[in-house]
Amino acid sequence: MSIVYLNGQYMAMEDAKISPLDRGFLFGDGIYEVIPSYAGKMVGFTPHIKRMQDGLAEVGINLDYSTQKWQHICQSLAEKNGNQSLGIYLHVTRGADTRRLHAYPKDVEPTVFAMAFDIPTPPKPDRFTKQGFALISTEDLRWQRCHIKSTALLGNVMHYQQGHEAGCNETLLYNQKAELTEASSSNVFVIKDGVIITPPLDNQLLPGITRKLILDIIKAHSSFELQERIVTIQEARQADEIWISSSSKEIAPVISLDGKPVGDGKVGEIWQQVASLYSEHKFDY
């Protein structure tokens, strides 16, 4: 039986209820996070919570939850749900009003929901040596505030579905200038001639926590050259390696893009080195 948190109380999942007038349900008016937890140890807890607090502030949802309170909720959910390999999902909406109206209501309490769900234990990097992800690419048709981790994810879902229907793991997105933004549920890295390149943060992409940890770990524990700069889809098609990153995928190697091999079509050596470093240091943050 899964135990969840709703508005200050822990309860069985089937007992959790929200109003049909909740703005998260009606408008997707909310912010969320997913924090990986392995045997009670969370990955990137502090930057995850900071991103959530930044998102709440940006959309004007006032919630008086400290970092310490969030930590207690996350640890309690992990413990109540077995302390195994879990994703801790945090979800805050603006709350329920007495009517459906587009304008932000006044004097409503935010709805705070959190749950834990099973996630795979990440395989050791050497187990990926004969595996890799397949991607398709398409123009990014989502809204222009992708840096906000909103619960309104229909645009991402539709792009992800494109890849799914094509038999691929993900969909790589580029803007009208043919510049990479991200994938439908991941950030992206392109490797060429030993240089690790990722698009710079702006309103077109989510500031991924795994992306941040990867960059921090590479800077601290390797001599690889890093570049945060505009990357074109053409560069991606000529790359030696491509990676996608997220809390659930960690760093996943890509071996094909639009039906053509990336590099030699095998998992790259630089990925193997960086994935090993990430596995070793991910709990440091």
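As the structure is a computational prediction, the values presented were derived from the model and not from experiment. (Residues numbered from 1 in each chain as written. Predicted model: local features only at pLDDT ≥ 70, side-chain atom pairs only at ≥ 80, totals over all residues. Heavy atoms only, no water.)

*Asks:* An account of the nonpolar core is needed here, citing residue identities and associated values.
*Replies:* Soluble, globular proteins show a tendency: their nonpolar side chains are buried together. Core analysis: the largest hydrophobic core is formed by 24 residues, its most contacted members being Ile 35, Trp 70, Ile 88 and Leu 90. For this core, the elements supplying multiple residues, two or more each, are β3 (30-38), α2 (45-59), α3 (67-80), β5 (85-93) and β6 (111-118). Beyond its immediate chain neighbours, meaning those up to four positions away, Leu 90 contacts Ile 31, Tyr 32, Glu 33, Ile 35, Ile 49, Met 52, Trp 70, Cys 74, Phe 113 and Ala 114. One finds Leu 213, Ile 214, Leu 215 and Val 267 within the second-largest nonpolar core, a separate group that totals 21 residues. (Core = buried A, V, L, I, M, F, W, Y, C linked by side-chain atoms within 4.5 Å. Buried < 20%, exposed > 50% of the residue type's maximum accessible area, 1.4 Å probe, protein only. Helix = DSSP H or I, 4+ residues; strand = E, 2+ residues; numbered from the N terminus. Contact = heavy atoms within 4.5 Å.)

*Asks:* Residues and numbers for the pairing of β3, please.
*Replies:* Burial runs high along β3: eight of the nine residues are buried. Sheet topology places β3 next to strand β4 (residues 41-42); two bridges connect them, and they run antiparallel. Bridge assignment links Ser 37 to a residue of β4, and that residue is Met 42. Here β3 folds back onto β4, and the loop between the two strands holds two residues, one of which, Ala 39, carries a positive phi near 55 degrees. (Pairing = 2+ DSSP bridges.)

*Asks:* Quick one: what's the story with α3, residue by residue and with numbers?
*Replies:* Between the first and last C-alpha of α3 there are 20 Å, a value that for 14 residues agrees with the 20 Å anticipated at 1.5 Å per step. Downstream of α3 by one or two residues, Gly 82 has phi in the positive range, about 100 degrees. (Expected span 1.5 Å × (residues − 1).)

*Asks:* Tell me about unusual backbone geometry, and please be specific about residues and values.
*Replies:* One can expect most non-glycine residues to show negative phi and most peptide bonds to be in trans. The phi dihedral of Asp 107 falls on the positive side, at around 60 degrees, and the residue is not glycine. Relative accessible area serves as the criterion here: at 83%, Asp 107 is assigned to the exposed category.

*Asks:* With reference to specific residues and values, describe the packing of aromatic side chains.
*Replies:* Following the criterion strictly, the structure yields five aromatic pairs and no others. The interplanar angle of 50 degrees and the centroid separation of 5.1 Å between the aromatic rings of Tyr 65 and Trp 70 together place this pair among those described as tilted. We classify Tyr 65 as buried; its relative accessible area is 13%. Looking at Lys 69, its charged tip hangs above the ring of Tyr 65, at a distance of 4.0 Å from the centre. If you follow Lys 80 out to its NZ or CZ, it ends over the ring of Tyr 10, 4.9 Å from the centre. (Phe/Tyr/Trp six-rings, centres within 6.5 Å; stacked < 30°, edge-to-face > 60°. Lys NZ or Arg CZ within 6 Å of the ring centre and 35° of its normal.)

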